Amino acid sequence: MKHTKVKELLNSAQTLQEVYVKGWVRTFRNNQFIALNDGSTINNIQCVVDFENTPAETLKRITTGAAVALKGSLTESKGAGQKYEIQVTSLEILGDSDPEKFPMQPKKHTLEFLRANAHLRVRTNAFGAIMRVRSVLSFAVHQYFQEKGFVYVNTPVITGADAEGAGEMFQVTSLPLDNLPRTEEGHIDYKKDFFGKHTNLTVSGQLEGETFAMALGQIYTFGPTFRAENSNTSRHLAEFWMIEPEVAFNDLDDNMDLAEDFIQYVIKYTMDKCADDLKFLEGRLLEEEKSKPQAERSEMTLLEKLNFVLENNFKRVSYTEAIDILKNSTPNKKKKFQYIIEEWGADLQSEHERFLVEKHFKCPVILYDYPANIKAFYMRLNEDGKTVRAMDILFPGIGEIVGGSQREERYDVLVEKMKTLGIDEEELWWYLDTRRFGTAVHSGFGLGFERLVLFVTGMTNIRDVIPFPRTPGNAEF
Ligand code: 4AD
Ligand code: MG
């Protein structure tokens, strides 16, 4: 007999004579009531054990974390808050879980403790919910683009290119680090390395993505990216997943429209599919916020925040307007910002982004037309000669969630820019070919998947929305 998922049983249209389930014991009360979870839903099914006719030896082995298989009948429950329960007729312990040693006891654990036990934290309600939401969100990403006819492209993980020009890369090498081959001049001889050149883990699939957009029209990537930036913050991972659509013939306004529509779609999709999980996460957030001072609590519940994003257009603001707002803002005048905004050209820090989104506009904001010299080399120069067609989308509680731009499609302008920045033309010969042969206006963006999961789950630390986080000093599991 094949076992049935708990989710299916809880949604059953009628009571059932005989059912068979397998799962893990969450709690066992009064020597009688098992709360059983099998991961198919946040909801446990109550299984009532006939304790008078069950050997004491077996009852003792029904402990939190144990894997069990049981048969019985699905009956209407007399207990509050559940429609059905299982009257157990036979029970088998599949795997014991020593209650003295199993770390995930049914009590409140700190998020730090759970991070140290990332291989077991997924057995808690909160992490089960987060990981199901993450899974549905990633399916929604594919659904959105596939419905629109985008082609999914798998760009390389190992590359010679530094797409962002930020130099925050993990090197990939098979050279012996304690005995490096040297050239006559004494430099490391990368010709002897595995790929015959210096390589690193990708920071972005954009440049390769652009080459595909210039043939397939509209493409997207969705894969892991790596950044060796030593920022130990609640928003940065060394390994994170990025979604990067790229569309031929789209200008920056089209790019903004696409990003906004895409984000609203995946949130809506997930709200429809993950109602139970999101309801649980909403409660978790309310509980967590009770320990905060009133002023730091959010004005909206999790579902209200998600609905707000669906129902309101993102506010589009140029960098220049944003600088004016920031310059005249109270925290700037009272020197409350760590970085005071003195003049046009300043790079925006997350404190500034969050002020704009959370205090000033109180809605998602798309900032565009940034100064050329604080943005990447591939962004299209505006007619003013000093700003580029860049856009960042800023979200409440998150800060930057999307970074994108219209690309510099003019060969001469692009080469000139690369020269100024000292970017090797020969290294990027293939990228420049897109501008040599059939160049056209095109645009794209990158959405940090974990930042999206943070927003949708209401979690506050990015380490809690990826199964096994990679951060400075931590690569356990
Ligand atoms: O703004 P970024 O650096 O843009 C790019 O990489 C472009 N090539 C994208 C494109 O136009 N195709 O990164 C894009 C997004 C950020 O907005 C942020 O959400 C996320 O990636 N991100 C990170 N997420 C987690 N940890 C990090 N260290 C991140 N760095 C960027
Ligand atoms: Mg960025």
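These numbers come from a predicted model, not from an experiment.

Criteria and thresholds
- The residue numbers shown here count from 1 along each chain, following its written sequence.
- Chains carry letters from A onward and ligands carry numbers from 1 onward, assigned in written order.
- Confidence filtering applies because this is a predicted model: local features only for residues at pLDDT of at least 70, side-chain atom pairs given and counted only at 80 or more, and all residues used for totals across whole chains, interfaces and linings.
- Computation of side-chain values covers all heavy atoms of the structure but excludes hydrogens and water.
- Domain ranges listed in this record stem from an automatic or a database domain assignment.
- The contact criterion used is simple: two residues touch if any of their non-hydrogen atoms lie within 4.5 Å.
- Using a 1.4 Å probe, buried area is obtained as the accessible area two parts lose upon being combined, added over both of them.
- Salt bridge, as applied in this entry: a Lys or Arg side-chain nitrogen positioned within 4 Å of an Asp or Glu carboxyl oxygen.
- Any pair of nitrogen or oxygen atoms within 3.5 Å is treated as a polar contact; in protein, a donor-acceptor pairing is required on top of that, and neighbouring residues in sequence qualify only through side-chain atoms on both sides.
- UniProt positions are given in the numbering used here, feature names are shortened, and annotations may be inferred rather than shown by experiment.
- Note on conventions: DSSP H or I runs of at least 4 residues are helices, E runs of at least 2 residues are strands, and numbering of each starts at the N terminus.
- Note on aromatic pairs: the rings of Phe, Tyr and Trp (six-membered ring only in Trp) are paired at centre separations within 6.5 Å, and the planes decide the class, stacked below 30 degrees, edge-to-face beyond 60, tilted for the rest.
- Only protein chains enter the area calculation, which uses a 1.4 Å probe; residues under 20% of their type maximum are buried, those over 50% are exposed, and those in between are partly exposed.
- A strand pair is defined by DSSP finding two or more bridges across the two strands.

**Student:** Would you mind going over the domain arrangement of the chain with me for this structure?
**Tutor:** Often, the extent of an interface is quoted as the loss of accessible area on bringing the components together. Taken as a whole, the chain is organised into domain 1 (6-107) and domain 2 (123-168 + 203-464). When each unit is reduced to the centre of its C-alpha atoms, the spacing between domain 1 and domain 2 is 44 Å. Taken together, the ten residues of domain 1 in the interface contact eight residues of domain 2. When domain 1 packs against domain 2, the two sides together hide about 730 Å² of surface, and 48% of this comes from carbon and sulfur. A per-residue breakdown of the area domain 1 buries against domain 2 is headed by R26, I42 and M104, which together make up 64% of the total. Scanning the region where domain 1 abuts domain 2 turns up zero salt bridges. Put simply, domain 1 and domain 2 have four residue pairs in polar contact (both at pLDDT 80 or more) between them.

**Student:** Sorry if this is basic, but what is going on with the UniProt feature "domain: Aminoacyl-transfer RNA synthetases class-II family profile" (unreviewed entry) in the chain here?
**Tutor:** The positions UniProt marks with the feature "domain: Aminoacyl-transfer RNA synthetases class-II family profile" (unreviewed entry) are residues 131-467. Between the end C-alpha atoms of residues 131-467 there is a gap of 8 Å, over a span that is 38% helix and 19% strand.

**Student:** Please clarify how the packing of aromatic side chains should be interpreted in this entry.
**Tutor:** Pairs of aromatic rings are described using the distance from one ring centre to the other and the angle between the two planes. For the structure shown, the criterion picks out 22 aromatic pairs. Residues Y152 and Y220 carry aromatic rings whose centres are separated by 5.1 Å and whose planes lie at 25° to one another, so their mutual orientation is stacked. Of this pair, Y152 sits in strand β6 (residues 151-152) while Y220 sits in strand β10 (residues 218-226), and the two are 68 residues apart along the sequence. Since its relative accessible area comes to 0%, Y220 is described here as buried.

**Student:** Which parts of the structure should I look at to understand the pairing of strand β15 (residues 399-406)?
**Tutor:** The two faces of a sheet get side chains in turn, since along a regular strand they alternate between them. Of all eight residues making up β15, six are buried, and the element is well covered by its neighbours. With six bridges joining them, strand β14 (residues 387-395) and β15 adopt antiparallel strand pairing. Among the inter-strand pairings, L394 is bridged to a residue of β15, identified as E400. The turn linking β14 back onto β15 is made up of three residues, and G397 within it adopts a positive phi angle of 80°. Of the pairings in the sheet, the one linking β15 to strand β16 (residues 442-448) comprises five bridges and is antiparallel in character. Its bridge partner lying in β16, Q406 is registered against S443.

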